[in-house]
Amino acid sequence: MESFITPTRWNLNNLLQCDSDLEEFKNYISCIKANLLEIEECEKLNPLNESELNAISQIIKHVESAESFYYCLTTEDVEPSLLTSLNTSISMLKSQARFIVSDLQERIGNMSEKQFSVWSNSINQKVFIEELLMDTQRTSKEEKIISNFARETLSNMEEIYVQARNNLKVKGNIDKDENEISFAEASSLALSHPEQSNRRFAFRELNQTLKTQAEVFASVYNSMVGLRLKENMVKNTDYLDESLRLNGISKRALSTMWDTVDTNIHSLSRYLKIKAGEVGKERISWHELMTSSQEVSNEITYSQASKGIIDSLVDIDINMSEFVKGAIAKGWVDSEQRKTKPPGGFCAPFIPEGESRISLNYDNSIDSARRLAHELGHAWHFKQMKNVPSLFFSDDTFEMTMAETSSIFFETAYIDYVIQNTDDVSVKKAILGAKIERSLNYLMSIRGAFLFEDKFYGHRKKGPLDANQVEELSLQCQEKAYGYSLSEYEPFVWIKYVQFYQANIPFYNYPYSFGFLLSIGLLNLAKKDIQFDRKFQWFLSETGFMPLEQLIQKHFNIEISKPDFWQQSIQSVIKDIEEYNKTL
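Scoring rules and cut-offs
- Residues numbered from 1 in each chain as written.
- Predicted model: local features only at pLDDT ≥ 70, side-chain atom pairs only at ≥ 80, totals over all residues.
- Heavy atoms only, no water.
- Helix = DSSP H or I, 4+ residues; strand = E, 2+ residues; numbered from the N terminus.
- Expected span 1.5 Å × (residues − 1).
- Bend = angle between axes of the 7 residues up to and from the residue.
- Buried < 20%, exposed > 50% of the residue type's maximum accessible area, 1.4 Å probe, protein only.
- Pairing = 2+ DSSP bridges.
- Arc of directions from axis to C-beta.
- Contact = heavy atoms within 4.5 Å.
- Axes fitted to C-alpha atoms, helices over the stretch in contact; angles between N-to-C directions.
- Parallel < 35°, antiparallel > 145°, perpendicular 65-115°, else oblique.
- Left-handed = near helix turned anticlockwise from the far one by under 90°.
- Nonpolar A, V, L, I, M, F, W, Y, C, P; charged D, E, K, R; others polar.
- Phe/Tyr/Trp six-rings, centres within 6.5 Å; stacked < 30°, edge-to-face > 60°.
- Salt bridge = Lys/Arg side-chain N within 4 Å of Asp/Glu carboxyl O.
- Polar contact = N/O pair within 3.5 Å; in protein donor to acceptor, adjacent residues only side chain to side chain.

Q: Please provide a residue-by-residue account of helix 8 (residues 196–235), values included.
A: Between its first and last C-alpha, helix 8 extends only 51 Å over 40 residues, short of the 58 Å set by a 1.5 Å rise per residue. Where helix 8 bends most, the angle comes to about 60°, and this point is Gln213. One or two positions beyond helix 8, positive phi appears at Asn236, with a value near 60°.

Given below as structure tokens:
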């Protein structure tokens with residue numbers, strides 16, 4: 001393949017009308033607010049006409065692009081107070097838009113049959129009518145007001161969590177030039193520093209710091225869950241039912257997936273025993289498991305990772321490969337290491353603009369390369385999504401189970417490609433081990449997070465839990481999820497994982513496991529079905545048009561409420577474990 005440019009800093013210009021100038025961005029938000037106020041005044045007089053419905057649909061898309069732009073700004077050198085102000089302004093815009101739509105729904109609900117017929121016949125975009133009628137019968141005005149209040153309050157609480165986490169200072173004499181390091185730096189060093197002693201030091205100091213601030217985070221999490229439970233009480237719904245609806249799957253499908261994982265826990269935990277045997281122990285700790293692959297050095301530059309991801313997708317779908325090449329060359333990815341970046345990475349979509357922006361701290365590790373592939377998978381998904389008129393925010397329709405499918409599909413395809421094209425036996429073994437550990441993260445660690453959140457909601461109904469109770473519950477759930485196979489588990493998971501504090505997405509854990517097993521199954525299907533590339537694109541393009549469970553049945557004829565599909569996917573992980581064992 002010919003060489004191509006791989007810039008390490010993203011290009012934020014030309015995404016919005018304001019480019020990347022902060023003052024212009026604030027003016028851009030003010031402009032959206034003025035347009036919303038104008039629509040609001042119109043709605044007070046008469047039901048919105050087609051032109052006004054199109055206008056609010058466009059405003060919603062502008063708000064979503066502004067929110068993505070805000071996420072990009074959080075990784076730049078921007079004053080925290082300004083970021084807080086921007087986040088608050090965007091949250092208020094979203095609430096205002098939802099109120100306008102809610103008021104219109106109430107107005108429609110009060111129309112006579114003749115009035116509704118006259119109004120609806122004047123609207124050519126029938127999707128607007130379908131959306132407006134969707135919640136008219138089942139949701140009262142009071143419930144909508146409470147829901148909008150809850151969304152805005154949860155968004156503010158998420159911001160408090162982010163600020164509290166970003167303000168943490170961890171003892172960091174690993175780097176002798178600095179006495180203190182950030183949460184993000186400590187998290188990275190604890191898992192990826194090349195020296196074992198430094199990894200252990202960073203891990204210990206990070207956990208010690210979190211222990212001193214645990215009550216603050218426990219208070220925030222208790223408040224968020226308590227608010228959601230009160231909202232569910234008003235709606236007369238179960239906390240998990242709401243999450244399942246948002247993710248487009250049935251309780252039966254989720255239970256079947258977890259039951260199949262539990263059925264295979266003995267075979268999956270065999271890898272943990274193999275790793276313990278390698279170091280002459282009966283059992284190893286969670287930290288030892290997650291850092292064991294660091295013992296073999298295998299540097300992958302950003303350019304090498306980019307080329308590898310492109311090459312890994314050629315035989316699956318040439319369009320995917322060309323897309324990745326273009327996204328990297330056009331400056332969609334910011335791979336530069338900066339202290340302002342959170343652990344992990346993210347992909348911020350700009351659907352109307354047909355682009356995305358990706359942020360990660362690329363450190364030349366296989367995990368960074370994997371993460372790059374993961375975020376590019378998100379970008380591919382966003383590219384397939386249709387920019388259609390809607391009166392709903394994507395928060396309300398974009399299923400996280402679907403979101404994680406394309407991303408994990410990309411990362412798995414890349415890792416398999418690297419393993420197949422690596423000649424060094426020790427490096428191949430290390431990468432295979434890292435792949436298995438990632439798989440167990442989806443099937444065990446995230447299983448533990450789900451069990452914890454499920455049990456926490458149950459306990460929270462009776463009252464708040466203090467930090468010690470939260471931590472004890474977290475460790476108990478990890479023990480079960482790992483089949484009681486580790487000597488020690490991960491402290492303060494409930495503080496470290498931002499997913500617990502997502503304002504718009506309760507139970508943002510099982511979608512990863514679901515997406516992982518679904519992507520494994522689809523990757524296996526891609527090797528057999530010559531029409532897979534077309535099916536996969538159509539599958540992704542219909543995000544939000546119908547529940548995910550129905551989309552899977554429609555495009556791939558797979559019933560996820562039955563264990564067969566899940567077992568086939570888990571069998572791929574077991575096969576990797578067997579292959580790893582042969583290398584010993």
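Q: An account of the pairing of strand 5 (residues 355–360) is requested, with residue identities and associated values reported.
A: A regular strand places its side chains so that they alternate between the two faces of the sheet. By the criterion of burial, strand 5 is predominantly enclosed, with five of the six residues buried. For strand 3 (residues 333–334) and strand 5, the ladder comprises two bridges, and the chain directions are parallel. Within strand 5, the residue paired with Val333 across the bridge is Ile358. Between the end of strand 4 (residues 345–350) and the start of strand 5, which pair antiparallel, lie four residues, with Gly354 showing a positive phi angle near 70°.

Q: Describe helix 5 (residues 126–134), and please don't skip the residues or the numbers.
A: All buried positions along helix 5 are accounted for by Phe128, Ile129, Glu131 and Leu132. Angular distribution of buried residues about the axis of helix 5 spans 165°; they occupy a single face of the element. Residues of helix 5 that are buried make contact with helix 2 (50–73), helix 3 (80–109) and helix 4 (113–121).

Q: Got a sec to walk through the packing of helix 1 (residues 22–45) against helix 3? Specific residues and values, please.
A: Where helix 1 meets helix 3, the closest approach of the two axes is 10 Å, and the angle between their N-to-C directions is 15°. By the angle between their axes, helix 1 is roughly parallel relative to helix 3. Both helix 1 and helix 3 take part in a crossing whose hand is left-handed. Grouping the constituent residues of the contact of helix 1 with helix 3 by class yields 15 nonpolar, two polar and seven charged.

Q: How would you summarise the pairing of strand 4 if you had to cite specific residues and measurements?
A: The pairing of strand 4 with strand 5 spans six bridges and is antiparallel. Looking at the pairing, Phe350 lines up with Glu355 of strand 5.

Q: Just give me the short version of the packing of aromatic side chains, but keep the residues and values in it.
A: For any two aromatic rings, the description comes down to two numbers: the centre-to-centre distance and the angle of the planes. Under the criterion given, the structure shown has 38 aromatic pairs. Centre to centre, the rings of Tyr221 and Phe456 are 4.6 Å apart; their planes meet at 40°, and the pair counts as tilted. Here Tyr221, found in helix 8, pairs with Phe456, found in helix 18 (residues 425–460); they are 235 residues apart in sequence, far enough to count as distant. Grouping residues by exposure puts Tyr221 and Phe456 together as buried.

Q: Go over the pattern of salt bridges, please, and point to the residues and values.
A: Per the stated rule, a full pass over the model turns up 33 salt bridges. For Arg371, the salt bridge goes to Asp367, with nearest N and O atoms at 3.6 Å. Linking Arg371 with Asp367, this pair stays in helix 15 (residues 366–384), spanning four residues, or about one helical turn. For Arg371, a relative accessible area of 22% corresponds to the partly exposed category. Since its relative accessible area comes to 34%, Asp367 is described here as partly exposed. A single salt-bridge network, built from bridges that share partners, covers Arg9, Glu76, Asp334, Glu336, Arg338 and Lys341.

Q: Can you tell me about the environment of Ser390, naming the residues and giving the values?
A: You can see Ser390 is positioned in the loop between helix 15 and helix 16 (394–397). For the pair Ser390 and Glu24, spaced 366 residues apart in sequence, the C-alpha separation works out to 27 Å. Other than its neighbours up to four places away in sequence, Ser390 contacts Ser57, Ile60, Phe128 and Glu131. A distance of 2.8 Å separates the side chain of Ser390 from the side chain of Glu131, its partner in a polar contact.

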